[in-house]
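Inside the fold
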Amino acid sequence: MSEQAGGDPLFQSHDPIFNRKELLHVGHVPEEDRIVGRDDEIQSVAAEVGAITRGDPPNNVMIYGKTGTGKSLISRHVATRAQDAARSNDIDCGVLYVDCSEANTETRATRQLALSLKEETGYEEHIPLRGVGTMEYYQHIWGILQQCFDAIVVILDEIDKLDNSNILMQLSRAREAQKTDAYIGVIGISNKIQYRETLDERIDSSFGHRELFFHPYDASQLREIMRNREDAFQPSVLEDGTIELCAALAAKKHGDARKAIEILKEAGELARRTDSKLVAEDHIQQAQEVAEINRIEELTSGATVHAKLALYALASRIITGDRETYKTREIFERYVSICELVANDPITENGLYRQLKEQAFLGVIESEKTGGGRSQGSYLLHRLVTDPKHIVKAVRRDSSLEDLPTYDHLVERSNELQNRDADLSTFS
Ligand SMILES: Nc1ncnc2c1ncn2[C@@H]1O[C@H](COP(=O)(O)OP(=O)(O)OP(=O)(O)O)[C@@H](O)[C@H]1O
Ligand SMILES: [Mg+2]
């Protein structure tokens, strides 16, 4: 298609690697026949909301799962199919989607619901954008539901970002409280499993609901997801085994479909930049490294400089030493010499320990208590969850830390750094 595009020859160049690159864009929502590997989850969600299609009351459902496991995609997919099925039974069913990471207060969420309903139905009353409270938005919502719908599915995505969960109570009690006759089914989505606890306290009985858990994708599911978008590439530019490798790497790290697709796209871009005619395993390996560094950078982006230096200290000990795990004291010693390198005043050992604990919480490191018996006391051993090379790169992306030694540099200066640690230990 690109070759025939008429007009200015400047824009007619043929892309040797990509055919329909948009299939690999982050925001791209795949069509129905490109959704694979989630049949059981589709069935489970359908079982909860499906009653709507027969004119019966649906169940509310909460979907939990890590990022990139298809929660948003599957919810929208099932809700839309339920809507179509309901309509073919002469039931007026609506679907509303709210991204609660943006509409993160009850007022914003209800305003969005009211405005989407108005847009869908041609409701005539004016809905003010500001200056009114939540109750007024609820009035409009009930009014429109009453006038125009038999049933509605409300998807509240990233629901843990909402400042309170009153909206769940309002939606689930609306019929009982005689606000509307329409059946309302809520699909709540969260990647924070802890959200359950806050939920239980607040709205326990009124939002009776089922819970579903979406698990990370395994290698064969990721392979299917990517195979189904192979036509993003020109025919036969993907070398045999590339998709398999990409799936295996992504499954091992996180099982996140979004990340797997990103790696595939990045690999294609790498191939194109280097004028390669094929996308090969080597491109996937490199793309995976870039993706992993981005992931670490995302995880640590909110961390303090000292937390980053602490991570760097642990990474550099692993690179220059012969072990995978180090004690807090050993990391602290390296941290002090690194602070010297970048002319930064070090914090105390205890302060550093707290920084490490926070990183353990984020999942960048793992800390394990090891005991030398009652008399010797126990101590913590820390390890990195990812390749130390990636930590070095991610930390050096912070502009105030770009003067830190690179990975290669660290390897070269191995002896020098170890001697410094030894010096520090003799003083402590
Ligand atoms: N089963 C699947 N089939 C095809 N593509 C999928 C599938 N699951 C996920 N994807 C792709 O991965 C992207 C991410 O999926 P989705 O947005 O549903 O994840 P999520 O679980 O909602 O993640 P988050 O918690 O980060 O919001 C989708 O836009 C889609 O492109
Ligand atoms: Mg999502």
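Please read all numbers here as calculations on a predicted model, not as lab measurements.

1. Thoughts on the sheet that holds strand E7 (residues 365-371)
An order of E6-E8-E7 is seen for the three strands of this open sheet, with the pairing classed as antiparallel. Each edge of the open sheet carries a strand with a single partner, namely strand E6 (326-327) and E7. Relative to strand E8 (residues 378-384), E7 runs antiparallel, the two being bridged by seven bridges. Residue pairing across strands places Thr370 opposite Tyr379, the latter belonging to E8.

2. A word on the site of ligand 1
Taken together, 22 residues are adjacent to ligand 1, and Val36, Thr67, Lys71, Ser72 and Tyr217 come closest. One nitrogen or oxygen atom from the main chain of Leu73 is found 2.9 Å from an oxygen atom belonging to ligand 1. Among the elements of the structure, helix H2 (71-88) and helix H9 (257-273) are those that each provide at least two residues to the shell around ligand 1. The residue makeup of the shell around ligand 1, split by class, is eight nonpolar, seven polar and seven charged.

3. Let's talk about the pattern of salt bridges
Under the defined criterion, the tally for this structure stands at 21 salt bridges. A salt bridge links Arg34 to Asp231; its shortest N-O distance comes to 2.9 Å. Placement of the pair is Arg34 in the segment before helix H1 (39-49) and Asp231 in the loop between helix H7 (219-227) and helix H8 (242-253), with a sequence separation of 197 residues. Asp231 sits in the partly exposed class, given a relative accessible area of 31%. A salt bridge links Arg295 to Glu292; its shortest N-O distance comes to 3.1 Å. One end of the pair is Arg295 and the other is Glu292, both in helix H10 (residues 281-300) and three residues apart, which spans about a single turn. With relative accessibility at 22%, the residue Arg295 sits in the partly exposed group. Three or more residues joined by partner-sharing salt bridges are found here, namely Arg20, Glu22, Glu31, Arg34 and Asp231.

4. A look at the pairing of strand E2 (residues 93-99)
Counting buried residues in E2 gives five out of seven residues, a clear majority hidden from the surface. When E2 meets strand E3 (residues 151-157), the two strands line up parallel, connected through seven bridges. Of the residues in E3, the one forming a bridge with Cys93 is Ala151.

5. A few points about the sheet that holds E2
As summarised here, the arrangement of the five strands in space is E2-E3-E4-E1-E5, forming an open sheet in which the pairing is parallel. Each of the sheet's edge strands pairs with one partner strand only, and the pair in question is E2 and strand E5 (209-214). Ignoring which end each strand starts from, the neighbouring axes of this sheet average 15 degrees apart. Running over the sheet, helix H3 (residues 106-121) touches E2 and E3 and is turned about 140 degrees from E2.

6. Looking at unusual backbone geometry
Although it is not a glycine, Gln178 sits at a positive phi angle of roughly 60 degrees. For Gln178, a relative accessible area of 73% puts it in the exposed group. A positive phi angle is found at Ser236, which is not glycine, with a value near 55 degrees.

7. A short note on the domain arrangement of the chain
Here the chain is described as being made up of domain 1 (38-214), domain 2 (217-299) and domain 3 (302-427). Relative placement of domain 2 and domain 3: their C-alpha centres are 31 Å apart. With both sides pooled, the region where domain 2 packs onto domain 3 buries about 950 Å², and carbon together with sulfur makes up 59% of that total. Area buried by domain 2 at its contact with domain 3 is led by Ile293, Ile296 and Leu299, which between them contribute 58% of it. At the surface where domain 2 touches domain 3, the tally comes to one salt bridge. Between Glu297 and Arg397 there is a salt bridge, and its shortest N-O distance comes to 2.6 Å. Remark: the boundary between domain 2 and domain 3 carries three residue pairs in polar contact (both at pLDDT 80 or more).

8. Quick word on the packing of aromatic side chains
Within the structure shown, the criterion is met by four aromatic pairs. Aromatic pair Tyr138 and Trp142: ring centres 5.6 Å apart, planes at 15 degrees, arrangement stacked. You can see Tyr138 and its partner Trp142 sitting in helix H4 (residues 134-148), four residues apart, about one turn around the helix. For the pair formed by Tyr138 and Trp142, the shared burial category is buried. Over the face of the ring belonging to Tyr97 we find Arg76, whose NZ or CZ atom lies 3.7 Å from the ring centre.

Reading guide: rules and limits
Going along each chain's sequence as written, the residues are numbered from 1 onward. Here chains are named by letter from A upward and ligands by number from 1 upward, in the order in which they appear as written. Given that this is a predicted model, residues contribute local features only at a pLDDT of at least 70 and side-chain atom pairs are listed and counted only at 80 or more, while totals for whole chains, interfaces and linings are drawn from all residues. Think of the side-chain values as coming from all heavy atoms in the structure, minus any hydrogens and water. Only strands that DSSP links by at least two bridges are regarded as paired with each other. Secondary structure counts use DSSP, requiring at least four H or I residues in a row for a helix and at least two E residues in a row for a strand, with both numbered from the N terminus. Each residue is tested against the molecule or strand, and it is near if at least one of its non-hydrogen atoms lies within 4 Å. What qualifies as a polar contact is a pair of N or O atoms within 3.5 Å, subject to a donor-acceptor requirement within protein and to the restriction that residues adjacent in sequence count only when both atoms come from side chains. Nonpolar residues are Ala, Val, Leu, Ile, Met, Phe, Trp, Tyr, Cys and Pro. Charged residues are Asp, Glu, Lys and Arg, and all others, Gly as well, are polar. We count a salt bridge whenever a side-chain nitrogen from Lys or Arg sits within 4 Å of a carboxyl oxygen from Asp or Glu. Relative accessible area decides the class of each residue, using a 1.4 Å probe on protein chains only: under 20% of the type maximum gives buried, over 50% gives exposed, and in between gives partly exposed. Orientation is described by lines fitted to C-alpha atoms, with helices fitted over the stretch in contact, and by angles between N-to-C directions that extend from 0 to 180 degrees. Contacts are assigned to residue pairs with any non-hydrogen atoms lying within 4.5 Å of each other. A domain assignment, automatic or from a database, supplies the domain bounds used here. By buried area we mean how much accessible surface two parts lose on assembly, using a 1.4 Å probe and totalling the loss over both. Planes of paired rings set the category: under 30 degrees apart is stacked, over 60 is edge-to-face and the rest tilted, where pairs are Phe, Tyr or Trp rings (Trp by its six-membered ring) whose centres lie within 6.5 Å. Lysine NZ or arginine CZ positioned within 6 Å of the ring centre and within 35 degrees of the ring normal marks a charge as sitting over the ring.

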